[in-house]
Structure formats: structure tokens, C-alpha cells
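# Residue-level structural notes
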Amino acid sequence: AQTVTQSQPEMSVQEAETVTLSCTYDTSENNYYLFWYKQPPSRQMILVIRQEAYKQQNATENRFSVNFQKAAKSFSLKISDSQLGDTAMYFCAMPDRGSTLGRLYFGRGTQLTVWP
Amino acid sequence: DVKVTQSSRYLVKRTGEKVFLECVQDMDHENMFWYRQDPGLGLRLIYFSYDVKMKEKGDIPEGYSVSREKKERFSLILESASTNQTSMYLCASTAVQDRYGYTFGSGTRLTVV
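Residues numbered from 1 in each chain as written. Chains lettered and ligands numbered in written order. Predicted model: local features only at pLDDT ≥ 70, side-chain atom pairs only at ≥ 80, totals over all residues. Heavy atoms only, no water.

The helix and strand tally for chain B stands at zero helices and twelve strands. Counting from the amino terminus, chain B carries its helices and strands in the arrangement β-β-β-β-β-β-β-β-β-β-β-β. For chain B, whose C-alpha radius of gyration is 13 Å, the value lies close to the compact-globule estimate of 13 Å for 113 residues. Along the longest, intermediate and shortest principal axes, the C-alpha atoms of chain B span 40 × 25 × 25 Å. (Helix = DSSP H or I, 4+ residues; strand = E, 2+ residues; numbered from the N terminus. Rg over C-alpha atoms; globule rule 2.2 N^0.38 Å.)

What follows is about the interface of chain A and chain B. Contact with chain A, which involves 22 residues of that partner, is made by 29 residues of chain B. Across the chain A to chain B interface the summed buried area is about 2100 Å²; carbon plus sulfur atoms make up 52%. Together, Arg 43, Leu 101 and Arg 103 of chain A form the three largest contributors to the area buried by chain A at its contact with chain B, with a combined 35%. Run the count over chain A and chain B and you get two salt bridges. Only strand S5 (33-39), strand S10 (88-95) and strand S11 (104-106) of chain A provide two or more residues apiece to the side of chain A that touches chain B. If you tally residues by element for the side of chain A that touches chain B, the top one is S5 of chain A, at four residues. The residue makeup of the side of chain A that touches chain B, split by class, is eleven nonpolar, seven polar and four charged. (Contact = heavy atoms within 4.5 Å. Buried area = accessible area lost by both parts, 1.4 Å probe. Salt bridge = Lys/Arg side-chain N within 4 Å of Asp/Glu carboxyl O. Nonpolar A, V, L, I, M, F, W, Y, C, P; charged D, E, K, R; others polar.)

Let us look at the packing of aromatic side chains. All names here are of chain B. Summed over all chains, the structure comprises 18 aromatic pairs over all chains. Consider the rings of Tyr 35 and Tyr 102, whose centres lie 6.4 Å apart with planes at 50 degrees: the pair is tilted. Here Tyr 102 lies in strand S11 (residues 98-104) and Tyr 35 lies in strand S5 (residues 31-38), a separation of 67 residues in the sequence. Using a relative accessible area of 0% as the deciding quantity, one classes Tyr 35 as buried. Taking 5.4 Å as the distance between ring centres and 35 degrees as the angle between the ring planes, the aromatic pair formed by Tyr 102 and Phe 104 counts as tilted. (Phe/Tyr/Trp six-rings, centres within 6.5 Å; stacked < 30°, edge-to-face > 60°. Buried < 20%, exposed > 50% of the residue type's maximum accessible area, 1.4 Å probe, protein only.)

Another point: the state of the cysteines. This structure, assessed with the given rule, holds two disulfides over all chains. Sulfur-sulfur distance for the disulfide between Cys 23 of chain A and Cys 92 of chain A comes to 2.0 Å. Handedness here is read from the sign of the S-S torsion; for Cys 23 of chain A and Cys 92 of chain A, about -70 degrees, the answer is left-handed. Of the two residues, Cys 23 of chain A sits in the loop between strand S3 (19-21) and strand S4 (24-26) while Cys 92 of chain A sits in strand S10, which places them 69 residues apart along the sequence. Cys 92 of chain A matches Cys 23 of chain A in its accessibility class, with the two residues each being buried. Two residues share a disulfide in this structure: Cys 23 of chain B and Cys 91 of chain B, whose sulfurs sit 1.9 Å from each other. Looking down the S-S bond of the Cys 23 of chain B and Cys 91 of chain B bridge, the torsion is -80 degrees, so its handedness is left-handed. Pair noted here: Cys 23 of chain B is in strand S4 (residues 23-25) and Cys 91 of chain B is in strand S10 (residues 87-95), with a separation of 68 residues, a long-range link. (Disulfide = S-S within 2.5 Å.)

Before going further, it helps to examine the environment of Ser 93 of chain B. Residues and elements named next belong to chain B. The topology assignment puts Ser 93 in strand S10. Take Ser 93: its relative accessible area is 0%, and that puts it in the buried class. A C-alpha to C-alpha distance of 9.3 Å links Ser 93 and Ser 49, two positions 44 residues apart in sequence. Once residues lying within four places of it in the same chain are set aside, the contact partners of Ser 93 are Val 4, Gln 25, Met 27, His 29, Asn 31, Met 32, Phe 33, Gly 101, Tyr 102 and Thr 103. Engagement of the side chain of Ser 93 in a polar contact is seen with the side chain of His 29, the distance being 2.7 Å. (Polar contact = N/O pair within 3.5 Å; in protein donor to acceptor, adjacent residues only side chain to side chain.)

A word on the confidence of the model for chain A. It should be kept in mind that the predicted coordinates are not to be read in detail where pLDDT is low. Scored by pLDDT, chain A has a mean of 93; 97% of the residues are at 70 or more. When the elements of chain A are averaged for pLDDT, S11 of chain A gives the smallest value, 92, and S3 of chain A the largest, 98. (pLDDT = per-residue confidence, 0-100.)

Core analysis: the biggest nonpolar cluster contains 26 residues, and Trp 36, Phe 75, Leu 77 and Tyr 90 of chain A have the highest contact counts within it. With four residues, S10 of chain A is the largest single contributor of residues to this core. Ranked by size, the runner-up nonpolar core spans 21 residues in total, among them Met 27, Tyr 64, Tyr 89 and Val 112 of chain B. (Core = buried A, V, L, I, M, F, W, Y, C linked by side-chain atoms within 4.5 Å.)

Listed below in C-alpha cells is the structure:
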């Protein structure tokens, strides 16, 4: 089974600042996907960003971007201009190797708090 | 607005009770999943289903079973609830043509006393 490691259980950042959440993973595949999900206090999990391993360009979605280091198996999420609404639990995830059914492995999560 | 609906947001049950957690999706998705979420452990897969009446065990199936009699509904069953099953349960669905396009429900927080 793949492993996804998030080493920061909690982080905090002041509004308008930039914060980076870390994620490392282990896989023997060459082509795969990686995901960051957000779970706000409402508990609704939302996809933040998706990266395909064969694409060298780092994915970006508005204020969210990733730093994908394939050789280092690192996939960090950078949030720029942090907003109060970014307060949430963030999960890094990747698909099960060889699965055609879409099951994901999730990291343990990082609780991000944005304070005024 | 497409949805995955979990029937209960909060549930309190007694030890030994049989518990049903219901999940319904309106997107005609083939794949459905039940995850358990615990602090410090992230999300762990209990069971998933890729078609009506088809199911596969995930990483932590012990103490659980599932039922998928209709495409839109995926039920998680705790045959005899125990206190160590107190947790948040998340349902999700995806389509075959976009198997990583997860839509999640809002979760059921189950407390077994």
C-alpha cells in the first residue's frame, strides 16, 4: 500500500500571509495523481488541487499552488494571501497503486488556523 | 447541485445495537466509498462498491458490513456497535470516467455509548 505522510498536525498563519503545508509519499509508480483536499468546520470535503505526476508544471488554482518534487516524492501546498475561510483540515491524498476503482490513500491531515 | 447525502449528521447508539448509516448520491456514480475519520489518523477506507451488489473490503472492514441494492444508495452496517467505533464516517462517490473526482457527503458523527 502507498503511504502518504503529513508531518505537521497543526499550523497557524496570520491573515494575508503565506503558508506551506508539507506532504511526502511513497510509490513505485512513474505516473500517478496527487491531491489536496480541504475539510472546513462544515465537514464537507472539497478538492483544492490536483497534480499529475507526468506534468512538470506545478498545478495552481487561484491562491493555491503546489511544489511538486517528483524525485523527492514531495507534494507541498502553498496558500498565498491566507483568508479566514481557509481555516480547515487539509489532507494530502494519492490513489491506490493499480486500482481502477479510484480508492485514495489519505495522510493524517494538517489543521490550519488562519487568525486575524 | 450534485450531492452525496448522508442521512444523519449526528447519531448516538448503545453498545451492541445494530446501526445503519445511509448514503445516497444523485449523480449516477458507479463507485461509492465509506471512510472512517479519526483525529491523528486521517481517513481510512472501510468498504467500497463499484456496482450494485458488488463490494470490496478496504483497510479496516472488521466489525462492518455494507449493502448496495440500488446504484444510488450505499449503506454501512455496524452489526453490533462497540465504543471503538465511535468516529466520523464519510461517504463518497465517483464516476467510472472520472474515478478520482470524489464527491463527499457531510459526514455522520457516530457516538457509541
